[in-house]
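# Residue-level structure breakdown
What follows is each chain in one-letter form.
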Number of protein chains: 2
Amino acid sequence: MTALEKILPIETEGQKIAKILAAIVFFAAMRPQTKNLLQREGRIQSVPKGHIIFMNEDDAARFYLIQRGWVKIFRETLGGEEAILDVLTAGSVFGETSIFENKAYAYGAEVIEDAVILSFPSHILENETAENIDFALSFLQHISRKNLAKDKEIELRSVQNAAQRIGCFLLRLCKTEQRSATLHLAWEKSLIAARLGMTPETFSRSLAKLQKEAGIHIKGPTITISDIGMLVRYTCTACSNVFPCDN
Amino acid sequence: MTALEKILPIETEGQKIAKILAAIVFFAAMRPQTKNLLQREGRIQSVPKGHIIFMNEDDAARFYLIQRGWVKIFRETLGGEEAILDVLTAGSVFGETSIFENKAYAYGAEVIEDAVILSFPSHILENETAENIDFALSFLQHISRKNLAKDKEIELRSVQNAAQRIGCFLLRLCKTEQRSATLHLAWEKSLIAARLGMTPETFSRSLAKLQKEAGIHIKGPTITISDIGMLVRYTCTACSNVFPCDN
């Protein structure tokens, strides 16, 4: 052991995993022995942008937790087009519901911004769900929250026009106590467009409309919202929630 | 007891409920004492078209099972527009996930075709979930299936154009072994349009497009599909499933 290691003991991968799991509510109701197993069998990996973690219908041997970065959840149509179902970041768990879905993933997952991702064998999750009712109940809460988010997505895709959908996306990035905001969009515009279920052309046209009608100003990846209240009035009439919303 | 009752014993409401529950997979893993409780506390009601069973955010004291008819699941935006999240028929359970959602309904439910609906106190469901791990697991399967259906809805709303969405809706009504089909649309066109997330005007325009490009013929509420294969080629390239699909 070097002098430095005496002062700053080097963390093992298992200890790192234990620390990360302790902060994520999805794992909270698991029994200690299961957490130990996850710690031993878990892997932490740095995954570069563009890497496909798995494809739709692949055998679901593992489930995943994002520690850092962004992951896109998608399906490909027979015609080769891509539908983005969700875009996830730190703290999100994915591939976990495959244990109820014939043990195959129901979607693909691709890293869209350099990421650090943990993965665990699915059979540990399956056994814990079958043996520990407290965890099964917390899993029900977890899926139920996902369900609500999907309902909200379907609602917004039904009633918001493209400009309102972009407005909604921007408002979710604003801190609620602000009256104005400057946002830096980290994703490529084509990705935001796909996430919002529109073509890049519609995205550009609608952004221009927002600029004219809702007082936002765009310069490259930087968007300035001079009056959040004005954007709220423009956007949130086409939603069942009141701003600020949490889903 | 009359002579007739001796030959045809009159079924009590409890017996009717028991018979209905026995056929629905959602209730299969419940313990016998819970089924008895549901039988005692359940209600069967005939509900006319237009009746609102509950609204978004109402206290969720009961959950529901459709025996006959159709129910629309919806949300209203602040601007007064309606988003249809789903349209359910016989065998569907709704309001059941509210036990995980602060005991309030996350959507409204309205009868859109005269219906017979069973309802049960939510606390019976809540207790059974907390005490019987077999039922908790089957509830997880149930929510997971709902999740997949919502993913499919988001996928289709992302990649299908309006005409393909109508084509998809029609194909789901076809029997797979047919080469052609004649369908009678029971719902009003405005309702189908809303269910598919489009305005009535877009619906009419897209139906005309389908008539021209995918060989369907429309006369009032009757739609004739002369070549199902042609409609499949037109529609299913914008989907990740192969026809016939089950979700």
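In short, a report on the structure. (Residues numbered from 1 in each chain as written. Chains lettered and ligands numbered in written order. Predicted model: local features only at pLDDT ≥ 70, side-chain atom pairs only at ≥ 80, totals over all residues. Heavy atoms only, no water.)

## Topic: the relation of the copies chain B and chain A
Laying chain B over chain A is done by rotating through 180° and shifting 0.0 Å along the axis; what remains is an RMSD of 0.1 Å. On this basis, the relationship between the two copies can be described by a two-fold rotation axis. Mapped onto chain A, 100% of the interface residues of chain B again fall at the interface, so both copies present the same surface. (Least-squares fit on C-alpha atoms with pLDDT ≥ 70 in both. Contact = heavy atoms within 4.5 Å.)

## Remarks on the pairing of strand β3 (residues 62-76) of chain B
The side chains of a regular strand alternate between both faces of the sheet. Residues and elements named next belong to chain B. Summarising burial for β3: eleven of the 15 residues are buried, a large majority. Pairing geometry for β3 and strand β6 (residues 108-121), over eleven bridges, is antiparallel. Among the inter-strand pairings, Leu-65 is bridged to a residue of β6, identified as Leu-118. Two elements, β3 and strand β5 (residues 93-94), share two bridges in a ladder whose sense is antiparallel. The residue of β5 that forms the bridge with Leu-65 is Val-93. Bridge analysis of β3 against strand β4 (residues 82-88) gives six bridges, and the strand direction is antiparallel. Counterpart to Arg-75 in the pairing with β4 is Ala-83. (Buried < 20%, exposed > 50% of the residue type's maximum accessible area, 1.4 Å probe, protein only. Helix = DSSP H or I, 4+ residues; strand = E, 2+ residues; numbered from the N terminus. Pairing = 2+ DSSP bridges.)

## Looking at the packing of helix α4 (residues 122-131) of chain A against helix α5 (residues 133-159) of chain A
Residue and element names in this part refer to chain A. Remark: α4 packs on α5, axes separated minimally by 5 Å, with the N-to-C direction vectors making an angle of 110°. Considering the angle they form, α4 stands roughly perpendicular to α5. Note on element contacts: α5 touches α4 through Ile-133, Phe-135, Ala-136 and Phe-139, opposite Leu-125, Glu-128, Thr-129 and Glu-131. (Axes fitted to C-alpha atoms, helices over the stretch in contact; angles between N-to-C directions. Parallel < 35°, antiparallel > 145°, perpendicular 65-115°, else oblique.)

These figures capture arrangement, not role.
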